Amino acid sequence: MALGLLWLGLVLLGALQTQAQDSTPNLIPAPPLRRVPLQPDFQDEQFQGKWYVLGLAGSEFNKEKHSQFKIYSTTYELNEDNSYNATSTLAWNQTCDHWLRTFIPTLWRGQFTLGNIERYTGIQRYILRVAATDYVQFAMVFFKKIYKHQEYFKITLYGRTKMLTPELKENFITFAKSLGLTDHHIIFAIPIGNHQVERGEGHMGTVQV
């Protein structure tokens, strides 16, 4: 499997094995959930639909190593039990690959846990928390997982379109830094259509988030 596809699958499913044990102690600690905003009066029907991943920030991201990150999409489909089927799609060498996960609602509207977690070896807990959204333009979503007793976290910047405005970019950077991340851990997508990316050059590599 191409390394680019391997990266996306492992990022989304949280199944990557620890590759550098000596770097683990240097991880930025995952913030407690009480420090992460939760969208007031979350509207699950309005949140569903297609989102483009415009930016990522997290304890395992590296601006230099992952500089070739390109836009992909995630579609949230609301089920009758208020869970979501989330399908992520990555275009790679004229083909599309898909990853499907289910997120189960919790007592807090806008916060979900990963369904069928036993399928994902080593993952003990996985949380999705919608920190902020206007439903029609953007969403900032916090993810936190415990993998083999080690905590990892990331923040995803979603857009309904592929357009990243300066204001949205700045707000995302501010939010990421409020949770202890630095510029080094914040990356923004290369729009699909860049000739180098379409040829599959400059892949993301693998990250553990």
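As annotated in an unreviewed UniProt entry, the protein chain carries the name Neutrophil gelatinase-associated lipocalin-like isoform X1 and is attributed to Acinonyx jubatus. The UniProt entry for the protein chain carries this comment under Subcellular location (unreviewed entry): "Secreted". According to UniProt, the comment filed for the protein chain under the heading Sequence similarities (unreviewed entry) is "Belongs to the calycin superfamily. Lipocalin family."

Chemist: Explain the overall build of the protein chain here, please?
Modeler: Scanning the protein chain for helices and strands turns up four helices and nine strands. Listed N to C, the secondary structure of the protein chain is α-α-β-β-β-β-β-β-β-β-α-β-α in terms of helices and strands. Burial status across the protein chain gives 49% buried among its 209 residues. Counting contacts in the protein chain only where the partners sit at least 6 residues apart, residues at least 24 apart contribute 62% of the total. A total accessible area of about 10100 Å² is found for the protein chain, and carbon and sulfur atoms account for 52% of it.

Chemist: I keep staring at the environment of Gln137 and nothing clicks. Help me out?
Modeler: Its location among the elements puts Gln137 in the loop between strand 6 (123-133) and strand 7 (138-147). Since its relative accessible area comes to 56%, Gln137 is described here as exposed. Residues Gln137 and Tyr158 lie 21 residues apart in sequence; the distance between their C-alpha atoms is 8.3 Å. Ignoring any residue separated from it by four or fewer positions in sequence, one finds Gln137 in contact with Trp51, Tyr158, Gly159 and Arg160.

Chemist: Teacher, can you tell me more about the pattern of salt bridges here?
Modeler: This structure, assessed with the given rule, holds two salt bridges. Lys144 serves as the salt-bridge partner of Glu151, at 3.8 Å between the closest nitrogen and oxygen. A relative accessible area of 11% places Lys144 in the buried class. With a shortest N-O distance of 3.0 Å, Asp183 and Lys177 are connected by a salt bridge.

Chemist: I'm lost on the packing of aromatic side chains in this one. Help?
Modeler: Between two aromatic rings, the relevant description is the distance of the centres plus the angle of the planes. Using the criterion set out here, one finds 14 aromatic pairs in the structure. Aromatic pair Trp51 and Tyr158: ring centres 6.0 Å apart, planes at 35 degrees, arrangement tilted. Of this pair, Trp51 sits in strand 1 (residues 49-58) while Tyr158 sits in strand 8 (residues 150-159), placing them 107 residues apart in sequence. Each member of the pair, Trp51 as well as Tyr158, carries the same accessibility label: buried. Members of the aromatic cluster, connected to one another through ring pairs, are Phe42, Phe47, Trp51, Tyr76, Tyr84, Phe112, Tyr135 and Tyr158. Against the face of Phe143 rests Lys154, its NZ or CZ located 4.9 Å from the ring centre. The residue whose ring lies beneath Lys169 is Phe188, and the NZ or CZ to ring-centre distance is 5.0 Å.

Chemist: Which parts of the structure should I look at to understand unusual backbone geometry?
Modeler: The backbone of Asp41 sits at a positive phi, close to 50 degrees, despite the residue not being glycine. Phi angles above zero are rare outside glycine, and Tyr135 is one such case at about 75 degrees. Mapped onto the elements, Tyr135 comes out in the loop between strand 6 and strand 7. Judged by relative accessible area, Tyr135 falls into the buried class, the value being 10%.

Chemist: What should I look at first to understand the nonpolar core in this one?
Modeler: Of all hydrophobic cores here, the largest spans 56 residues; its most connected members are Phe47, Tyr76 and Phe103. Leave out the neighbours within four places in its chain, and Phe103 touches Tyr76, Ser83, Tyr84, Ala86, Phe112, Thr113, Leu114, Tyr126, Leu128 and Phe143.

Chemist: What exactly am I supposed to notice about the environment of Asp41 here?
Modeler: Relative to the helices and strands, Asp41 is located in the loop between helix 1 (3-13) and helix 2 (44-47). Through-space distance from the C-alpha of Asp41 to that of Arg109 is 7.2 Å; in sequence the pair is 68 residues apart.

Chemist: What exactly am I supposed to notice about the pairing of strand 1 here?
Modeler: It is a general feature of regular strands that their side chains alternate between the two faces of the sheet. Most of strand 1 sits inside the fold, with eight of its 10 residues counted as buried. Note: strand 1 against strand 2 (residues 72-78), five bridges, orientation antiparallel. Following the sheet pairing, Lys50 is matched in strand 2 by Thr75. In the sheet, strand 1 pairs with strand 9 (residues 186-188) via three bridges, with the strands oriented antiparallel. Each bridged residue has a counterpart across the sheet, and for Leu56 the counterpart in strand 9 is Ile187.

Each value, and the rule that gives it
- Residues numbered from 1 in each chain as written.
- Predicted model: local features only at pLDDT ≥ 70, side-chain atom pairs only at ≥ 80, totals over all residues.
- Heavy atoms only, no water.
- UniProt positions renumbered as here; feature names shortened; annotations may be inferred.
- Helix = DSSP H or I, 4+ residues; strand = E, 2+ residues; numbered from the N terminus.
- Buried < 20%, exposed > 50% of the residue type's maximum accessible area, 1.4 Å probe, protein only.
- Contact = heavy atoms within 4.5 Å.
- Areas by Shrake-Rupley, 256 points an atom, 1.4 Å probe, with all protein chains shown as cover.
- Salt bridge = Lys/Arg side-chain N within 4 Å of Asp/Glu carboxyl O.
- Phe/Tyr/Trp six-rings, centres within 6.5 Å; stacked < 30°, edge-to-face > 60°.
- Lys NZ or Arg CZ within 6 Å of the ring centre and 35° of its normal.
- Core = buried A, V, L, I, M, F, W, Y, C linked by side-chain atoms within 4.5 Å.
- Pairing = 2+ DSSP bridges.

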